Amino acid sequence: MNTKQKLTVGIGILFAMIVLLSIQAVGYVRDLSSDTRNILAANYNSLDYSKRMLAALDDWERDSTVRTVFAENLARQQENVTEVDEQEITDRLARDFARLQAAPDDRTVVREVREDLLAVMSLNMASIQRKSEVAQRTSEGAVFWLTLSGISCVAVAFILLVLFPRAVARPVRELTEGILEISNRNYDKRLHFDGSREFREVAESFNRMAETLSEYRRSTLEDILAGHRRLEAIVNSIHEPIIGLDENRTVLFVNNEALTVLNLRREDAVGKPAADVALRNDLLRRLIRELVTPGDRDEPLKIYADNKESYFQMEHIPLSVPDTGGSENRYVGDVILLKNITKFKELDSAKTNFISTVSHEMKTPLSAILMSLKLLDDSRVGELNGEQKALAQSIRENSDRLLNITGELLKMTQVETGRLDLSPKVTKPIELIDYAVNATRVLAQKFGCNVEVEYPSEKMPKLFVDSEKIAWVVTNLLSNAIHYSSEGARVIVGAAHRPGSKTVEIYVQDFGRGIDPRYHKSIFDRYFRVPGTKVQGSGLGLAISKDFVEAHGGTVGVESEPGKGSRFTVSLPLP
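Treat the numbers as computed from the prediction; the structure is a model and nothing was measured.

1. Focus: the overall build of the protein
When helices and strands are tallied, the protein shows 14 helices and 12 strands. Classification of the 575 residues of the protein by burial places 34% in the buried group. Sequence separation of 24 or more characterises 62% of the internal contacts of the protein that already satisfy a separation of 6 or more.

2. Things to note about the pattern of salt bridges
Under the criterion given, the structure shown has 15 salt bridges. For Arg-249, the salt bridge goes to Asp-334, with nearest N and O atoms at 3.9 Å. Residue Arg-249 is located in the loop between β1 (242–246) and β2 (251–254), and its partner Asp-334 is located in strand β5 (residues 329–340); the two are separated by 85 residues in the primary sequence. Since its relative accessible area comes to 29%, Arg-249 is described here as partly exposed. Here Glu-550 and Lys-546 are joined by a salt bridge, their closest N and O atoms 2.9 Å apart. You can see Glu-550 and its partner Lys-546 sitting in helix α14 (residues 541–551), four residues apart, about one turn around the helix. Look at Glu-550 and you get partly exposed, because its relative accessible area is 41%. According to the relative accessible area criterion, Lys-546 is partly exposed, its value standing at 28%. A single salt-bridge network, built from bridges that share partners, covers Asp-96, Arg-99 and Glu-112.

3. What about helix α2 (residues 66–79)?
Since there are 3.6 residues in each turn of an α-helix, residues three or four apart along the chain are aligned in direction. For α2, built from 14 residues, the straight-helix expectation of 20 Å at 1.5 Å per residue is met to within 8% by its first-to-last C-alpha distance of 20 Å. Looking only at α2, the buried set comprises Val-66, Phe-70, Asn-73, Leu-74 and Gln-77. Looking down the long axis of α2, one finds its buried residues gathered within 105° of arc, a one-sided arrangement.

4. Brief notes about the side chain of His-552
Tracing the sequence through the fold places His-552 in the loop between α14 and β11 (555–560). At 3.0 Å, the side chain of His-552 forms a polar contact with the backbone nitrogen of Asp-466. With residues near it in sequence (within four places) discarded, His-552 still touches Leu-422, Val-465, Asp-466, Ile-470, Leu-572 and Pro-573.

5. Quick notes on the side chain of Asn-255
Residue position: Asn-255 is located in the loop between β2 and α6 (256–262). Here Asn-255 falls in the buried class, since its relative accessible area comes to 0%. At 2.8 Å, the side chain of Asn-255 and the backbone oxygen of Glu-240 are in polar contact. Excluding residues that lie within four positions of it along the chain, Asn-255 makes contacts with Val-235, Asn-236, Ile-238, Glu-240, Pro-241, Ile-242 and Arg-266.

6. Focus on the packing of aromatic side chains
Across all of its chains, the model carries three aromatic pairs by this definition. Here Phe-70 and Phe-97 contribute two aromatic rings whose centre-to-centre distance is 4.5 Å and whose plane-to-plane angle is 15°, an arrangement assigned as stacked. Of the two residues, Phe-70 is situated in helix α2 and Phe-97 in helix α3 (residues 86–102); the sequence distance between them amounts to 27 residues. For Phe-97, a relative accessible area of 6% gives the class buried. Their ring planes at 70° and their centres at 5.8 Å tell us that Trp-472 and Phe-548 sit as a pair that is edge-to-face.

7. Some words on a nonpolar patch on the surface
Together, Phe-15, Val-19 and Ile-23 make up an exposed nonpolar region whose accessible area comes to about 310 Å². As for its placement among the helices and strands, Val-19 is situated in helix α1 (residues 3–58). Judged by relative accessible area, which is 34%, Val-19 ranks as partly exposed.

8. Examining the sheet that holds strand β9 (residues 490–496)
Taking strand neighbours across the sheet as the criterion, the five strands line up as β7-β9-β10-β12-β11 in an open arrangement whose pairing is mixed. With one partner strand each, in any of the chains shown, β7 (450–454) and β11 form the two edges of the open sheet. The mean inter-strand angle of the sheet, taken between neighbouring strand axes irrespective of direction, is 15°. Pairing of strand β10 (residues 503–510) with strand β12 (residues 566–573) involves eight bridges; the strand directions are antiparallel. In the strand pairing of β12, Val-504 is matched with Leu-572. Relative to β9, helix α11 (residues 429–439) is tilted by about 160°, and along the sheet it contacts β7, β9 and β10.

9. Notes on the environment of Ser-560
Note on placement: Ser-560 falls in strand β11. Residue contacts for Ser-560: discarding those within four places in its chain leaves Gly-514, Ile-515, Pro-517, His-520, Gly-565 and Ser-566. Within the local environment of Ser-560, its side chain forms a polar contact with the backbone oxygen of Gly-565, the two atoms lying 2.9 Å apart. Side-chain polar atoms of Ser-560 contact the side chain of Ser-566, separated by 2.8 Å.

10. Points about the nonpolar core
In terms of nonpolar packing, the biggest core is built from 39 residues, with Leu-478, Ile-523 and Phe-568 touching the most fellow members. When neighbours within four sequence positions are excluded, Ile-523 is seen to be in contact with Ile-515, Phe-528, Val-530, Leu-542, Val-558 and Phe-568.

11. Some points on the packing of helix α13 (residues 467–483) against α14
For the pair α13 and α14, interaxial distance at closest approach is 10 Å and the crossing angle is 150°. Here the hand of the crossing between α13 and α14 comes out left-handed. Contact residues: Lys-469, Trp-472, Val-473, Asn-476, Leu-477 and Asn-480 in α13; Gly-541, Leu-542, Ile-544, Ser-545, Phe-548 and Val-549 in α14. Taken together, the residues that form the contact of α13 with α14 break down as seven nonpolar, four polar and one charged.

12. A few points about helix α8 (residues 282–292)
Every buried residue belonging to α8 is among Leu-283, Leu-284, Leu-287, Ile-288, Glu-290 and Leu-291, and all of these are buried. Around the axis of α8, the buried residues are gathered within 160° of arc, so they sit on the same side. With a side-chain oxygen positioned 3.3 Å from the backbone nitrogen of Leu-283, the residue opening α8 is Asn-281.

Definitions and limits used
- Residues numbered from 1 in each chain as written.
- Predicted model: local features only at pLDDT ≥ 70, side-chain atom pairs only at ≥ 80, totals over all residues.
- Heavy atoms only, no water.
- Helix = DSSP H or I, 4+ residues; strand = E, 2+ residues; numbered from the N terminus.
- Buried < 20%, exposed > 50% of the residue type's maximum accessible area, 1.4 Å probe, protein only.
- Contact = heavy atoms within 4.5 Å.
- Salt bridge = Lys/Arg side-chain N within 4 Å of Asp/Glu carboxyl O.
- Expected span 1.5 Å × (residues − 1).
- Arc of directions from axis to C-beta.
- Polar contact = N/O pair within 3.5 Å; in protein donor to acceptor, adjacent residues only side chain to side chain.
- Phe/Tyr/Trp six-rings, centres within 6.5 Å; stacked < 30°, edge-to-face > 60°.
- Patch = residues over 30% accessible without salt bridge, like charges linked within 9 Å, V, L, I, M, F, W, Y side chains within 5 Å.
- Areas by Shrake-Rupley, 256 points an atom, 1.4 Å probe, with all protein chains shown as cover.
- Pairing = 2+ DSSP bridges.
- Axes fitted to C-alpha atoms, helices over the stretch in contact; angles between N-to-C directions.
- Core = buried A, V, L, I, M, F, W, Y, C linked by side-chain atoms within 4.5 Å.
- Left-handed = near helix turned anticlockwise from the far one by under 90°.
- Nonpolar A, V, L, I, M, F, W, Y, C, P; charged D, E, K, R; others polar.

Structure follows, in structure tokens:
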């Protein structure tokens, strides 16, 4: 029998018993009503008529009108005869009443009439008593059978209440537990329901599903393990340190190179929270700190590995996968990649040393050339003709240019090798500007530029800087502005200090061709030149200026638009 049939039979039985109980109750109520109605309709009325006739008989001699009342109630009694002997007594009462009417003063007749009335009343009282006993027995029978039927209904309902939910809940509970086991990857779980056809079919479907999942797991486990081994082999074959973390910052994998660099064992790292491992490893702690609060990652990490100092560049790669059922990606972890740039660092150091050596060695012959040109200009040696003077002037200009380039290269090597020495002293901003204006006066005259100095009328605060290097920066900016301005153009150099500000700004503004916003950051890189620029230069001036200013804790910025000129601003902190 299936669940639906069980439910139908149980509810049907309960419904039938309730209907039977209702019919039985209605029948007993009707019987009790009939008994009560008989008592009220017959015997009670006879008692009432008799009481009225007795009252009239008591006033028989004093009030002649009571005779009419007696006659009316006697007539009613004659119509209300319901008992076996009541008719005989009623007829005798009628005969005695007729005798009383003929002889109203006869005491014997009055006594006989009274006795007739008492007989009627006694007969009806006995009948009431008998009918009450019948009603009592009917009531007791009704209570008994209704109680028995009610108890039967309650028993059936209790049986249905206890057994039916248990019969339905037990398979559902077992099915739920089976599903939980499957969700926990226990594919060996099986269900057996022998008492219910529907649940037996559900159990068979569940068991087929579990068997399929078990087979699928067995068939794919080897593929997954093989794929996992291949991935581990690929990660370990990479010659760069790699560390994988999940979304909770637990170490998922570490390749051999990373273990060597970190000086860790695989079992001490994999599967453990990175924060716990970092407590015993300074390098990992630094990597995690860079991951949580990213800083300036342009500076490489110096790590002692392979019995030598090595340089690594950290790269952080956040991982995300498409969220199930959604359009957004879900964060699942991070990969930390350390690129070994030791070779490039060594090459860069070799390049810097080479440039420093070459630049230093070039200054000696350049100085000799300039000294020789100065001797040629001396009239005591002899006069030069026009062609010789032009040739000497060309030699002097190229020598000056080579000397400037050599100076810039030497300054660049000082910055790169960390040998930049500052000699700060108290300096007025106007002194730096005056130095730059005087240094570029000849250049401004050559290009026909008008250099204007803007300086606030109020007193400017003093700076505590290396005046030689900052003056060189301002001179370089002013020289660039002159080179990139057209003939007769204005070039503005000045200083400003906003009230309450902790910095002083020195700015140089030209009205030349301007710089495309795409190159605003790149112009401060070494050897970079804006595409299409015809002015000759080494591409080192702005890079060195930026390094000099940042060494003082300041910043260099540019505001420029094509066709509207450029404004370079040097911000220096106050002491």
